[in-house]
Amino acid sequence: MCIRDRVWIQERANDSIPSWNELIVDATNGVLIEVINKIKDIRYRNTYSAQNQNNLPGVLVRNESSNPSADVDINEVHDNSGLVYNYFMNTHSRDSYNGNGEEINSVTNYRTNYRNAYWTSGWLVYGDNMGTLDIVAHEFTHAITDNSQADLIYAWQSGALSESYSDIMAMAVDDDDWTVGEGSALGIIRSISSPTTYRQPDNADNWVSTCDDSEGVHTNSGIHNRAFFNIAQDIGLQPAVRVFYRSLVRYLHPNATFEESRAGCLQAVRDLFGNGSNEFNAVNNGFAEVGIIGSFRPSRQTCSDRRQDRTCAVNYVMNENKTAENTVIEVIQEFKEKYLETSSEGMKYKALYDKHSFRMVYLFAKDNQLLSDASQLLTDLKPGIQSLSLIHI
């Protein structure tokens, strides 16, 4: 507190809200003159509506300075992205998903009856009624993963880890149950406490070897989820979350395996609680209970021989009735769905695709000359793309 002429100036902070105000009080009569907010708001959200179309990002509806919208989906996504930001900032000192204050760009009302959500290259995208708190936290964690040293490749073990870590952080933010998806258009889709209820394995002995779903990323994540649940039951939810978050951002790498996640969590718990602590033993035991004990090596199928799908993108290039914008967008999306996601070799490049493709489309939509050049380039590349069907990769 200090005195300047005839006023008192006092600073008051509240770590739980958080707030930091400067109070100006008349020193002669004690009357409060002014309250000055000294927190610089570093959170910035832009929330768009795709208006049930495929074109992204759509129309900007809300940002940090705008009022609530009449669209409940807009408000849900906008508000929940703020809660998720606050959680990571207040709990893990992480300023947005990249740790450096990046704007949070969200799109809702994507397509019609699109009961899904995804993260790609700086954008969080949701169908109608898919912006629940746990789903927003899940997708935001994918963004954190992509912007940390982990940068997990979205296939097989590393892809299942990506899904599991996103589920785990969703539990940390929406901590009143152990399920993902409640209240959304899909309803509950996974249970951390009981993976088998939603057709996921809960033990390494039941690993599912498949070429579907990027080699089972949404299936085998149940094993890792159950390990987390075991640990959280022993030491508490938030201490367990601290261990797993530290493992994710400090000790994993793009091709990380389940065993490497276990090793990362053991190192993280040493950092936080000490070697041989009760927390260390809980982490070790929690993984052991699901069969992750230092020697888990699941089998992997060969998922590359699907050449019949590789020419589908060419058909879009050759259709002269489509606009240049639709040509570019649909070729890029079709190339992902019909080539990158149908071969193990293609999956090696999917992470690169996911990181840059949406930004490419966004730039094309803003720059007509760039869009025209891109459309011509795709047409010129037609022979090369078509030849993919003749090469065994």
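Residues numbered from 1 in each chain as written. Predicted model: local features only at pLDDT ≥ 70, side-chain atom pairs only at ≥ 80, totals over all residues. Heavy atoms only, no water.

Asks: Account for the environment of A268, with residues named and values stated.
Replies: Along the chain, A268 falls in helix α6 (residues 258–273). The sequence separation of A268 and S247 amounts to 21 residues, and the corresponding C-alpha distance is 5.6 Å. With sequence-adjacent residues up to four places away left out, A268 is seen in contact with V243, R246, S247 and Y251. (Helix = DSSP H or I, 4+ residues; strand = E, 2+ residues; numbered from the N terminus. Contact = heavy atoms within 4.5 Å.)

Asks: An account of the pattern of salt bridges is requested, with residue identities and associated values reported.
Replies: Going through the model one piece at a time under the given rule, you end up with seven salt bridges. With a shortest N-O distance of 3.6 Å, E64 and R43 are connected by a salt bridge. On the criterion of sequence distance, the pair formed by E64 in the loop between β6 (59–62) and α1 (72–92) and R43 in the loop between β4 (32–37) and β5 (45–49) is long-range, its members being 21 residues apart. When its relative accessible area of 22% is taken as the criterion, E64 is described as partly exposed. The shortest N-O distance in the salt bridge between R190 and D167 comes to 2.8 Å. Here the residue R190 occupies a position in strand β11 (residues 190–191), and D167 occupies one in helix α3 (residues 156–173), the gap between them amounting to 23 residues. (Salt bridge = Lys/Arg side-chain N within 4 Å of Asp/Glu carboxyl O. Buried < 20%, exposed > 50% of the residue type's maximum accessible area, 1.4 Å probe, protein only.)

Asks: Explain unusual backbone geometry to me, using residue names and the numbers behind them.
Replies: Between L56 and the following residue, P57, the backbone shows a cis peptide bond with an omega angle of 10°. Locating P57 in the fold gives a position in the loop between β5 and β6. The phi dihedral of W156 is positive, around 50°, even though this residue is not glycine. By relative accessible area, which is 18% here, W156 ends up buried. At R199, a position not held by glycine, the phi torsion is positive, near 60°. Locating R199 in the fold gives a position in the loop between β11 and α4 (212–235). Under the relative-accessibility criterion, R199 is labelled exposed at 71%.

Asks: How would you summarise the side chain of T145 if you had to cite specific residues and measurements?
Replies: Assignment of secondary structure puts T145 in helix α2 (residues 133–146). Sequence-distant contacts of T145, defined by excluding residues within four places in its chain, comprise A150, D151, L152, S162 and L248.

Asks: I'd like a description of the nonpolar core, backed by residues and values.
Replies: F228 and F244 are the most contacted members of the largest nonpolar core, which totals 64 residues. Setting aside its immediate chain neighbours within four residues, F228 contacts I168, W178, I192, L237, A240, V241 and F244. Counting eight residues, the second largest nonpolar core, distinct from the first, contains L56, V107, Y110 and V125. (Core = buried A, V, L, I, M, F, W, Y, C linked by side-chain atoms within 4.5 Å.)

Asks: Go over the packing of aromatic side chains with me, naming the residues and quoting the values.
Replies: A complete count under the given rule lists 18 aromatic pairs for this structure. Considering the side-chain rings of W156 and W207, the 6.5 Å spacing of their centres and the 90° angle between planes classify their relative orientation as edge-to-face. You can see W156 sitting in helix α3 and its partner W207 sitting in the loop between β11 and α4, a full 51 residues away along the chain. The burial state of W156 is the same as that of W207; both residues are buried. When the centroid spacing of 6.0 Å and the interplanar angle of 50° are considered together, the rings of Y165 and F244 count as tilted. Pair noted here: Y165 is in helix α3 and F244 is in helix α5 (residues 237–251), with a separation of 79 residues, a long-range link. Taking relative accessible area as the criterion, Y165 reaches 0% and is therefore assigned buried. Of the residues examined, F244 reaches a relative accessible area of 0% and is grouped as buried. (Phe/Tyr/Trp six-rings, centres within 6.5 Å; stacked < 30°, edge-to-face > 60°.)

Asks: Hey, could you go over the state of the cysteines for me, with residue numbers and the actual values?
Replies: Overall, the coordinates contain one disulfide when judged by the stated rule. Disulfide partner of C211: C303, at an S-S distance of 2.0 Å. For the disulfide bridge between C211 and C303, the dihedral angle about the S-S bond is near -85°, and by the sign convention the bridge is left-handed. Of this pair, C211 sits in the loop between β11 and α4 while C303 sits in the loop between α7 (278–288) and α8 (312–318); the two residues are 92 residues apart in sequence, bridging distant segments of the chain. (Disulfide = S-S within 2.5 Å.)

Asks: So, α4: which residues are in play, and what are the values?
Replies: Taking 1.5 Å of rise per residue, 24 residues should cover 34 Å, and α4 covers 35 Å from first to last C-alpha, within 8% of that figure. N220 marks the point of greatest bend in α4, at about 40°. Burial analysis of α4 places 17 of its 24 residues in the buried class, the great majority of the element. Of the residues flanking the end of α4, it is G236, one or two places downstream, whose phi is positive at about 105°. (Expected span 1.5 Å × (residues − 1). Bend = angle between axes of the 7 residues up to and from the residue.)

Asks: Describe the side chain of N105, naming the residues involved and giving the relevant values.
Replies: Mapped onto the secondary structure, N105 falls in strand β7 (residues 104–108). On the accessibility criterion, N105 (12% relative accessible area) is buried. A distance of 2.9 Å separates the side chain of N105 from the side chain of N46, its partner in a polar contact. Not counting residues within four places of it along the chain, the set of residues in contact with N105 comprises N46, Y48, G122, W123 and L124. (Polar contact = N/O pair within 3.5 Å; in protein donor to acceptor, adjacent residues only side chain to side chain.)

Asks: So what's going on with the packing of α4 against α7? Residues and values would help.
Replies: Packing of α4 against α7 brings their axes to within 8 Å, and their N-to-C directions diverge by 150°. Judged by the angle between their axes, α4 and α7 are roughly antiparallel. The hand of the α4/α7 crossing is right-handed. For the pair α4 and α7, the contacting residues are H224, A227, N230, I231, D234 and I235 in the first and N278, E279, A282, V283, G286 and F287 in the second. Taken together, the residues of the contact of α4 with α7 break down into six nonpolar, four polar and two charged. (Axes fitted to C-alpha atoms, helices over the stretch in contact; angles between N-to-C directions. Parallel < 35°, antiparallel > 145°, perpendicular 65-115°, else oblique. Left-handed = near helix turned anticlockwise from the far one by under 90°. Nonpolar A, V, L, I, M, F, W, Y, C, P; charged D, E, K, R; others polar.)

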